[in-house]
Protein chains: 6
Amino acid sequence: MTPLISDEQASDRVKAVFDDIRKTRNTDYINNLWRAIAVHPPTLERTWERVKTIMGQPSALDPLVKEMIYIAVSVTNNCEYCLATHSAAAVTKGMTPEMMGELLAIVGLANETNRLAIGYRVPIDERFQ
Amino acid sequence: MTPLISDEQASDRVKAVFDDIRKTRNTDYINNLWRAIAVHPPTLERTWERVKTIMGQPSALDPLVKEMIYIAVSVTNNCEYCLATHSAAAVTKGMTPEMMGELLAIVGLANETNRLAIGYRVPIDERFQ
Amino acid sequence: MTPLISDEQASDRVKAVFDDIRKTRNTDYINNLWRAIAVHPPTLERTWERVKTIMGQPSALDPLVKEMIYIAVSVTNNCEYCLATHSAAAVTKGMTPEMMGELLAIVGLANETNRLAIGYRVPIDERFQ
Amino acid sequence: MTPLISDEQASDRVKAVFDDIRKTRNTDYINNLWRAIAVHPPTLERTWERVKTIMGQPSALDPLVKEMIYIAVSVTNNCEYCLATHSAAAVTKGMTPEMMGELLAIVGLANETNRLAIGYRVPIDERFQ
Amino acid sequence: MTPLISDEQASDRVKAVFDDIRKTRNTDYINNLWRAIAVHPPTLERTWERVKTIMGQPSALDPLVKEMIYIAVSVTNNCEYCLATHSAAAVTKGMTPEMMGELLAIVGLANETNRLAIGYRVPIDERFQ
Amino acid sequence: MTPLISDEQASDRVKAVFDDIRKTRNTDYINNLWRAIAVHPPTLERTWERVKTIMGQPSALDPLVKEMIYIAVSVTNNCEYCLATHSAAAVTKGMTPEMMGELLAIVGLANETNRLAIGYRVPIDERFQ
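Parameters at a glance
Residues numbered from 1 in each chain as written. Chains lettered and ligands numbered in written order. Predicted model: local features only at pLDDT ≥ 70, side-chain atom pairs only at ≥ 80, totals over all residues. Heavy atoms only, no water. Least-squares fit on C-alpha atoms with pLDDT ≥ 70 in both. Contact = heavy atoms within 4.5 Å. Buried area = accessible area lost by both parts, 1.4 Å probe. Salt bridge = Lys/Arg side-chain N within 4 Å of Asp/Glu carboxyl O. Domains from an automatic or database assignment. Polar contact = N/O pair within 3.5 Å; in protein donor to acceptor, adjacent residues only side chain to side chain. Helix = DSSP H or I, 4+ residues; strand = E, 2+ residues; numbered from the N terminus. 1 Å grid on protein atoms, 1.4 Å probe; cavity = no way out; pocket = protein on both sides within 12 Å on 5 of 7 lines; lining within 4 Å. Points joined across faces, edges and corners; volume = space filled by probe spheres on them. Nonpolar A, V, L, I, M, F, W, Y, C, P; charged D, E, K, R; others polar. Expected span 1.5 Å × (residues − 1). Buried < 20%, exposed > 50% of the residue type's maximum accessible area, 1.4 Å probe, protein only.

## Side note on the relation of the copies chain D and chain C
So, point 1. Aligned on chain C, chain D shows an RMSD of 0.0 Å; the corresponding rotation is 180° and the shift along the axis is 0.0 Å. Seen this way, the second copy is the image of the first under a two-fold rotation axis.

Structural data, given as structure tokens:
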């Protein structure tokens, strides 16, 4: 089974990331994902840096919209872990059951129409080239 | 190659959908997707009905957010046709290059972290069950 | 670009497979797939052997049904080459446009409902365990 | 965890779909999928309507063939829920273990040869354009 | 649930494959995969033959490299069974935790950059055609 | 179509990355991927930083092995751009046609057996948990 690095087992390098997660998210809890990838510190550092920046910093997209985009990909790829954690994050950021229902309806629709476009080998309209 | 049903070739059943697309979208142009799936009228009717309702009707999610969710799925599935048409739709609804850049960054990040979660076989935290 | 092995370039090992394809399919034409993978003779031999047996030999499933299953996978994976060649094969074996229309409708539906089942994290009913 | 809407919790709108499922399938049992997506009634209605029509109505394709196409997609996408329920449905409609064995062999073969065609970047033969 | 064919239930045809697995791998243990696909003897025979040849015979690629390529695909497809068994095989062949960490980092990176190339619809450079 | 940022159009931020690519790779040529994602400088910077580090720095895995893992993912995801560029990179690093043939054979095999394991719903052996 996947080892999860506890605070006690964490090297200084890992501890620094755990500390930054705690500070940035204002919580003491470290998700299993971080404890799992802590086995390979460069992956932990790079992944956290990017999640923190891309998902967490104020930018052109609303934080909730970012979570919904992330969920759309995770459902399409069947990543249950990512779906579970980011659904929770989306709810925290204001996603209602109605919004989740619509999100999944669109994900379903896109997965279907993607295959219709592929299956019928539809040529791209000149105006969309 | 895929036959594209012209207005002249359209049966009454197909014509009715083409008319509704024109009226709903307030344009004379019918995208190739509709002309291709018109080969199978039940698919044309059902698909248009759902696209019209899910993507087009006022609802809990913003129209632009819906397009971005649709794009996230289409990029993950590598459907170039859907990507091309819905990117154009998203721009019409206000997506700036900066927003598209962020959208693709999140799609890339999610596709990556999905595989980290899968590859490390990370168990779902009790609190996210 | 992908080199396609011509009859003149074919080694004896490759020629033997090409001959068997011609005899089995009763045609002089060798599809590009075989000419491409002929670059690696063991792959050519193994792949032809299995296609010949699984797709070509009389068995519990009807030859046309086999082609439709093959197409369902190829559309889901977005393999345009496989879709093009096996659609042609299916037509030869009796697939009507109506049947192709239904096939793609089911492929679209399954790709959608797969994501609904995944997105809602539906637990498997005891009776289907 | 995913809430499953019981008969008691069902709104009139949901109850109407549950009733139609029971009548159409001639059984009292409602699969978890329907109870899960009942959280979002429009998705429940639309999905049931299409499953009922596409999978359930007499048409150009045999009911068992439809199930096998559905299974081919579900295996390719790794949707265990869909695989479990539609395998059961296929058995009810006459699928023997031998047929299931062949179905999975074709699904495996297509998933393999899809990647050979992609990996060798095989150009589509003029005759299959 | 999936029936697993025990030694007692094995037909002569299945037994012959089980014997060859034991001899080739120099172990008495038969993985569940083989016991599951033994339900369909032709699939068992063909799959074992190819795994034995492609993964097991001395060739241009190092045995550990082969396992890592296999893992890269299995993570991308989210096949937990394949990931679990081939990770164990890779460790036996010398994969260190550091190497596994790098392998997963590359799998994550490729899954990300694949979507950037697709999402930006990057045209292939003339020199890479 | 995708705009490709020329040297003349490059902002200072983009120019800095282009310069580093040229220096690191010891070539004047900048691949289209970099010119495309230069539209969104943070994505350009982050992606180049990681490609440079993960793929380019001396580490536990051989440079050619890294390219082959990258190709395995790109073929599975059907990313033609990534396949074309990384195949060229792999050849530069010593990949022979024989090695490419084996690589694709393994990618095909894994994509097949992944679906057999999924389709038969094979339970993970206790020893591989």
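## A short note on the interface of chain C and chain A
So, point 1. Taken together, the 20 residues of chain C in the interface contact 20 residues of chain A.
So, point 2. At the boundary of chain C with chain A, total buried surface from both sides reaches about 1800 Å², with 64% on carbon and sulfur atoms.
So, point 3. For the chain C face of the interface with chain A, the top three residues by lost area are Arg-115, Ile-118 and Arg-121 of chain C, together amounting to 31%.
So, point 4. At the boundary of chain C and chain A, one finds 2 salt bridges.

## A few points about the domain arrangement of chain A
Residues and elements named next belong to chain A.
So, point 1. Considered domain by domain, chain A is made up of domain 1 (1-57) and domain 2 (59-129).
So, point 2. Taken together, the contacts link 6 residues of domain 1 with 7 residues of domain 2.
So, point 3. When domain 1 packs against domain 2, the two sides together hide about 510 Å² of surface, and 56% of this comes from carbon and sulfur.
So, point 4. Together, Leu-33, Met-55 and Gln-57 form the three largest contributors to the area buried by domain 1 at its contact with domain 2, with a combined 73%.
So, point 5. For the pair domain 1 and domain 2, the interface holds 0 salt bridges.
So, point 6. Linking domain 1 to domain 2 there are 5 residue pairs in polar contact (both at pLDDT 80 or more).
So, point 7. Taken together, the elements giving at least two residues each to the side of domain 1 that touches domain 2 come down to helix 2 (32-37) and helix 3 (41-56).

## Let's talk about empty space enclosed by the protein
So, point 1. One pass over the full model with this rule turns up 7 cavities of 30 Å³ or more.
So, point 2. By volume, the largest cavity amounts to about 390 Å³.
So, point 3. Asn-77 of chain A, Asn-77 of chain B, Asn-77 of chain D, Asn-77 of chain E together with Asn-77 of chain F are, among the 24 residues lining the largest cavity, the residues nearest its centre.
So, point 4. Elements with a contribution of two residues or more to the lining of the largest cavity: helix 4 (63-77) of chain A, helix 4 (63-77) of chain B, helix 4 (63-77) of chain C, helix 4 (63-77) of chain D together with helix 4 (63-77) of chain E.
So, point 5. Here the residues of the lining of the largest cavity sort into no nonpolar, 18 polar and 6 charged.

## Quick word on helix 4 of chain E
Since the α-helix turns once every 3.6 residues, residues separated by three or four places project in the same direction.
Residues and elements named next belong to chain E.
So, point 1. Between the first and last C-alpha of helix 4 there are 22 Å, a value that for 15 residues agrees with the 21 Å anticipated at 1.5 Å per step.
So, point 2. Taking burial as the measure, the 15 residues of helix 4 include 14 buried ones, the bulk of the element.
So, point 3. Here helix 4 starts with a cap whose side-chain oxygen sits 2.9 Å from the backbone nitrogen of Leu-64, and that cap is Asp-62.
So, point 4. Trailing helix 4 by a residue or two, Asn-78 shows a phi angle of about 60°, which is positive.

## Quick word on the relation of the copies chain C and chain A
So, point 1. Between chain C and chain A, which share one sequence, the superposing operator has a rotation angle of 180° and an axial displacement of 0.0 Å; the RMSD is 0.0 Å.
So, point 2. Both copies present the same face, since 100% of the interface residues in chain C are matched by interface residues at the equivalent positions in chain A.

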